[in-house]
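Residue strings, one per chain:
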Amino acid sequence: MVSDSDTGAAGRGQGETAQLSAIELKVNDQVRRLEVDPRTSLLDALREHLRLSGTKKGCDHGQCGACTVLINGRRVNSCLTLAVMHEDDEIVTIEGLGDPDGLHPMQRAFVERDGFQCGYCTPGQICSAVGMLAEVEAGWPSHATADVTSPRIALTDEEIRERMSGNICRCAAYPNIVAAIRGIAEGGPE
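Everything quoted here is computed from the prediction, not taken from an experiment.

### Some points on the layout of surface pockets
By rolling a water-sized probe across the atoms, one finds the places where empty space is left. Of the voids in this model, the largest pocket is the one considered here, and its volume is about 150 Å³. Lining the largest pocket, in full, are Leu 133, Val 136, Glu 137, Arg 152, Ile 153, Leu 155 and Ala 185. By residue number, the principal contributor to the lining of the largest pocket is helix α5 (residues 122–137), which donates 3 residues. When grouped by side-chain class, the residues that make up the lining of the largest pocket number 5 nonpolar, no polar and 2 charged.

Given below as structure tokens:
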């Protein structure tokens, strides 16, 4: 027989819920006030509480990248982090990058290079690509970086594929995704 103390239930009985936490999140340049269970992932806060449906729930285990958002300019799998951890952070979702009347250059590149098929992974791919290019600009090497001592990273197709490997496209639009990213990296449409 397994008791509550054996399972780490911390004194909560079955059916009891955690006390709600009042938080403020700065999402897409807007401060949003929420009351959430402290165990709520950032992904669920964005989708279920703020109704920002662009960030997708793919695997809910941090393996597919469909939920990628930018937090303080860095790409993060929003399914793996708790909303309560990000009160003082700048969170940017696909909705915050651009809109139909003013697409972000990376969004435009994905459209022009047909870097999507079904579109489900596209928001995470685009957010990840924006974050990835910032990492390259900052000089952060990857596993595929040929010369980690060089002040400028050569953004080869292999380098792009390695850096984007945490984002899965089940439709296999990878060649077009790489082309879209390369186009922006080489000074494409601004």
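That shown, we press on.
### Overview of the environment of Gly 131
Turning to its location among the elements, Gly 131 is positioned in helix α5. You can call Gly 131 buried: its relative accessible area is 0%. Discounting residues that sit within four places of it in the chain, Gly 131 has contacts with Leu 70, Gly 73 and Arg 75.

### Remarks on the sheet that holds strand β1 (residues 21–27)
Read across the sheet, 5 strands follow the order β2-β1-β5-β3-β4 without closing on themselves; strand pairing throughout is mixed. The open sheet has two edge strands, β2 (30–36) and β4 (74–77), and neither has a second partner. For this sheet, the mean inter-axis angle between neighbouring strands, taken without regard to orientation, is 40°. Pairing of β1 with β2, which is carried by 7 bridges, proceeds in the antiparallel orientation. Residue pairing across strands places Ile 23 opposite Leu 34, the latter belonging to β2. Sheet strands in contact with helix α2 (residues 42–49) are β1, β2, β3 (68–71) and β5 (90–92), and its direction is about 100° off that of β2. Across the sheet, α5 is in contact with β3, β4 and β5; its angle to β3 comes to roughly 40°.

What counts as what
- Residues numbered from 1 in each chain as written.
- Predicted model: local features only at pLDDT ≥ 70, side-chain atom pairs only at ≥ 80, totals over all residues.
- Heavy atoms only, no water.
- 1 Å grid on protein atoms, 1.4 Å probe; cavity = no way out; pocket = protein on both sides within 12 Å on 5 of 7 lines; lining within 4 Å.
- Points joined across faces, edges and corners; volume = space filled by probe spheres on them.
- Helix = DSSP H or I, 4+ residues; strand = E, 2+ residues; numbered from the N terminus.
- Nonpolar A, V, L, I, M, F, W, Y, C, P; charged D, E, K, R; others polar.
- Buried < 20%, exposed > 50% of the residue type's maximum accessible area, 1.4 Å probe, protein only.
- Contact = heavy atoms within 4.5 Å.
- Pairing = 2+ DSSP bridges.
- Axes fitted to C-alpha atoms, helices over the stretch in contact; angles between N-to-C directions.

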